[in-house]
2 protein chains.
Amino acid sequence: MNNFTWFNPTKIIFGKDTHKEVGKETANYAKKVLLHYGGKSIKETGTYDTVVTSLTEAGVDFVELGGVRPNPRLSLVQEGIKICRQEGIDFILAVGGGSVIDSAKAIAAGVPYEGNVWDFYSTEKQPQEMLSIGVVLTIPAAGSESSDGSVITNEEGPDKRSCCTDLMFPKFAFLNPELCYTLPENQISAGGADILAHIMERYFAPNKNTDLSDRLCEAAMKTLLYNLPLVLKDHRDYNAWAEVMWTGNVAHTGLLGRGRQDDWASHGIEHEISAIYDIAHGAGLAIVFPAWMKYVNDAHPFRFVQFAERVFDVDIVGKSDKTIIEEGIAKLETFYKSIGLVTTLREAHIDNSNFELMSKKAAINGTLGSIKQLTSKDIQLIYELAL
Amino acid sequence: MNNFTWFNPTKIIFGKDTHKEVGKETANYAKKVLLHYGGKSIKETGTYDTVVTSLTEAGVDFVELGGVRPNPRLSLVQEGIKICRQEGIDFILAVGGGSVIDSAKAIAAGVPYEGNVWDFYSTEKQPQEMLSIGVVLTIPAAGSESSDGSVITNEEGPDKRSCCTDLMFPKFAFLNPELCYTLPENQISAGGADILAHIMERYFAPNKNTDLSDRLCEAAMKTLLYNLPLVLKDHRDYNAWAEVMWTGNVAHTGLLGRGRQDDWASHGIEHEISAIYDIAHGAGLAIVFPAWMKYVNDAHPFRFVQFAERVFDVDIVGKSDKTIIEEGIAKLETFYKSIGLVTTLREAHIDNSNFELMSKKAAINGTLGSIKQLTSKDIQLIYELAL
């Protein structure tokens, strides 16, 4: 087991009706906040009204900034920074999914910084101070509600880059599974694939002697694989939603990766797809992951064998590692298809015309991944495999 | 799944040589601390010297208070409170196992409180403010290094009581598995039984629909059952110690009990044993747990069946629930014996002479447990079963 530090101070308030208390919790930190959200869905579902009522009752004033889209844009972040400075705001309440939260984190990093906030995403520069943020989560997927990271897209590239620092942990996050009832199917599926990917990025490590984190990852994957189809079958299945939402959180707090080297190549490879094409990050991951697994499994086959056996219950008796691994990958592909996702680029109407550019950009800071260090040439071959 | 709040701000610094950095970390909080520890073992092993050197190099002054014994005593806590007040100390560095940490927490609660610190343990009264504490862990067992609780024994009863509050989370805890190499076998076994008990107290909940926390508990139990025998076989097996130490921590952060009703009856039943008799808490739990399981399993058999099947790989085909449950309990008893623990009171030279008194004291605040609410009469029957 590698040496590690583990720290996650975000307070999670989980369950039915909990988000009605967001005003009280917010009032512990600020009397005036930026209320940050996406499109019209939180207004249609009543979540917006509930949050506004709760803030008002707690005496918390707010300025609004909606309009966050999937793959959140730098231009809106700049607008948020400007508003916070003008209005003297030092707390951001994000109501939405990962894109809204990531956008809120970027605004929080940018307000006290004299330079361009994109510096934190495009260079090694790290924020030295940040505003605090709180979250009401409406989409279980990105895990950003209690992670230390944020991913932003600069439209001018387009470039999609991340920034990670302990300063980014939200102060609190409200997770009410009932808020998931109205999610469209494609968002449920893509969100589930994103959660699964967060676990797999940690699971497929080159390290041996990581028994506990292996088993914690397997626990989370098993729970997701069982419950995600249940919420697709019945969008109002509270108990199944609770498992998906709680798993989505635990998947990305960092706990599951302690003592091992995370990989994250698949995320990097996917980011280049969704930076250019109109595809949800999770849907892109369902395409990238099987191809990546086929390409890298020979570097540390033991872990891909264990995945097949423990997560997908592949019967290993009398089979070669190669066969076991192939069966595991096939079962993962079958799972993606069963929740309505495609597993090839062609099915997502993406051709090979940008592979060279995407491969170069994915490896712009050197190689990607740890189980196998991938050059831009490797990455291009993985795009080919995913075609 | 029940509504819940999840919060654990303790920073864990885990791995080889990490405790050499304790001075630097401590200096973030205080320039003068109470250095609190147990007996001579930390001096014999060199841990004391390492910590003192690290504090000195970081410019942190300290006053010492050693002498904490297993089942930490209120009288020493009172002494610690007096020292901190006299010396103007507002940070306590605990170097040791659960007893030292629990004693440090009690001192931290007592210093800013005008009344008797025992109030927090014997009544519903909660600390409103506390000193901060840091930890260098030398025994993986109690999980107190990142828990919100403390258990203290008042010699005048003797009474053993607990206090829990978010204020009790240590600021940081150093976990270096190498510090476990010199632990005596009985402490390793009892510590392991304590870790397992912390998971089982959460696992045996009356709730259904707790998929993720069930599986996380099973992951932790499986890891412990596999690695504890390895460290008993080779006291210098770093990788196995790392698993035991990390599992001991994860077992008691609170994460494994989210969304469910913890039980804790067995802990309450055991506390009455170790308050009177000279037996390690973990060794007492190895006696209490099987008896408790036999007594309560009919209240919610599904969970005891799942325990047998998933944790101890009991083959369930063609068997009644009763048989499966009995096989699971038998396998647990076999495990305890395999690590050198006894599973009956008689083997620990404890007779039935105090059963009535112990049963009454265990249920002094009403019933114990949640999977089955136990009256003092039930508790007496469990003591009889454990005889």
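Keep in mind that this is a model prediction, so the values were computed, not measured.

Trainee: Would you take a moment to explain the overall build of chain A for this structure?
Mentor: From N to C terminus, chain A includes 15 helices and eight strands. Here the C-alpha atoms of chain A give a radius of gyration of 20 Å, agreeing with the 21 Å that 2.2 N^0.38 yields for 387 residues. The buried share of chain A, taken over its 387 residues, is 58%. Summarising the internal contacts of chain A: among those between residues at least 6 apart in sequence, 78% fall at separations of at least 24.

Trainee: It is not clear to me how unusual backbone geometry should be interpreted in this structure. Could you clarify?
Mentor: Across the chain, the bulk of peptide bonds are trans and the bulk of non-glycine residues have phi less than zero. Residue and element names in this part refer to chain A. Following Gly157, the chain continues into Pro158 via a peptide bond in cis, with omega recorded as -5 degrees. Tracing the backbone shows Pro158 in the loop between strand 6 (149-154) and strand 7 (159-164). Although it is not a glycine, Trp264 adopts a positive phi angle of roughly 70 degrees. You can see Trp264 is positioned in the loop between helix 9 (238-250) and helix 10 (265-276).

Trainee: Just checking my understanding: could you explain the relation of the copies chain B and chain A for this structure?
Mentor: Copy one and copy two of the chain differ by a rotation about a common axis and a shift along it. Overlaying chain B on chain A yields an RMSD of 0.0 Å, the required transformation being a rotation through 180 degrees with an accompanying axial translation of 0.0 Å. Between the two chains, the operation in question is that of a two-fold axis. If distances are taken from each C-alpha of chain B to the rotation axis, the shortest is found for Pro9 of chain B, at 2.2 Å. Taken together, the interface assignments show that 100% of the residues at the interface of chain B recur at the interface of chain A, consistent with an identical surface on both copies.

Trainee: Would you explain the interface of chain B and chain A in this entry?
Mentor: How big an interface is tends to be stated in terms of accessible area lost as the parts join. Facing 33 residues of chain B, the contacting portion of chain A comprises 33 residues. Broken down by secondary-structure element, the contributors of at least two residues to the side of chain B that touches chain A are strand 1 (4-14), helix 8 (211-233) and helix 9 (238-250) of chain B. Looking at which element gives the most residues to the side of chain B that touches chain A, the answer is helix 8 of chain B, with 11 residues. Here the residues of the side of chain B that touches chain A sort into 16 nonpolar, 10 polar and seven charged. The sheet contact formed by strand 1 (residues 4-14) of chain A and strand 1 of chain B spans seven bridges and is antiparallel. By the bridge assignment, Ile13 of chain A is partnered in strand 1 of chain B with Thr5 of chain B.

Trainee: Where do I start with the domain arrangement of chain A in this structure?
Mentor: Residue and element names in this part refer to chain A. Examined at the domain level, chain A breaks down into domain 1 (11-179) and domain 2 (186-386). On a C-alpha basis, the centroid separation for the pair domain 1 and domain 2 is 27 Å. Between domain 1 and domain 2, the residue contacts involve 21 residues of the former and 24 residues of the latter. Contributing elements (two or more residues each) for the side of domain 1 that touches domain 2: strand 1 and strand 7. Residue classes in the side of domain 1 that touches domain 2 are distributed as 10 nonpolar, six polar and five charged.

Trainee: So what exactly am I meant to see when it comes to the environment of Ile324 of chain A here?
Mentor: Residue and element names in this part refer to chain A. Among the structural elements, Ile324 can be located in helix 13 (residues 321-338). Residue classification places Ile324 among the buried positions, given that 22 C-beta atoms sit within 10 Å. C-alpha of Ile324 to C-alpha of Arg73: the two residues are 251 residues apart in sequence and 42 Å apart in space. Discounting residues that sit within four places of it in the chain, Ile324 has contacts with Val305, Ala308, Glu309, Val314, Ile316 and Lys319.

Trainee: So what exactly am I meant to see when it comes to helix 12 (residues 301-311) of chain B here?
Mentor: Note that an α-helix has 3.6 residues per turn; residues three or four places apart therefore point the same way. All names here are of chain B. Residues of helix 12 that are buried include every one of Arg303, Phe304, Val305, Phe307, Ala308 and Val311, and no others. In the core, the buried residues of helix 12 are packed alongside helix 7 (185-203), helix 8, helix 11 (281-296) and helix 13 (321-338). A positive phi of about 50 degrees marks Asp313, the residue just after helix 12.

Each value, and the rule that gives it
Residues numbered from 1 in each chain as written. Chains lettered and ligands numbered in written order. Predicted model: local features only at pLDDT ≥ 70, side-chain atom pairs only at ≥ 80, totals over all residues. Helix = DSSP H or I, 4+ residues; strand = E, 2+ residues; numbered from the N terminus. Rg over C-alpha atoms; globule rule 2.2 N^0.38 Å. Buried ≥ 20, exposed ≤ 12 C-beta atoms within 10 Å, placed from the backbone. Contact = placed C-beta atoms within 7 Å. Least-squares fit on C-alpha atoms with pLDDT ≥ 70 in both. Nonpolar A, V, L, I, M, F, W, Y, C, P; charged D, E, K, R; others polar. Pairing = 2+ DSSP bridges. Domains from an automatic or database assignment.

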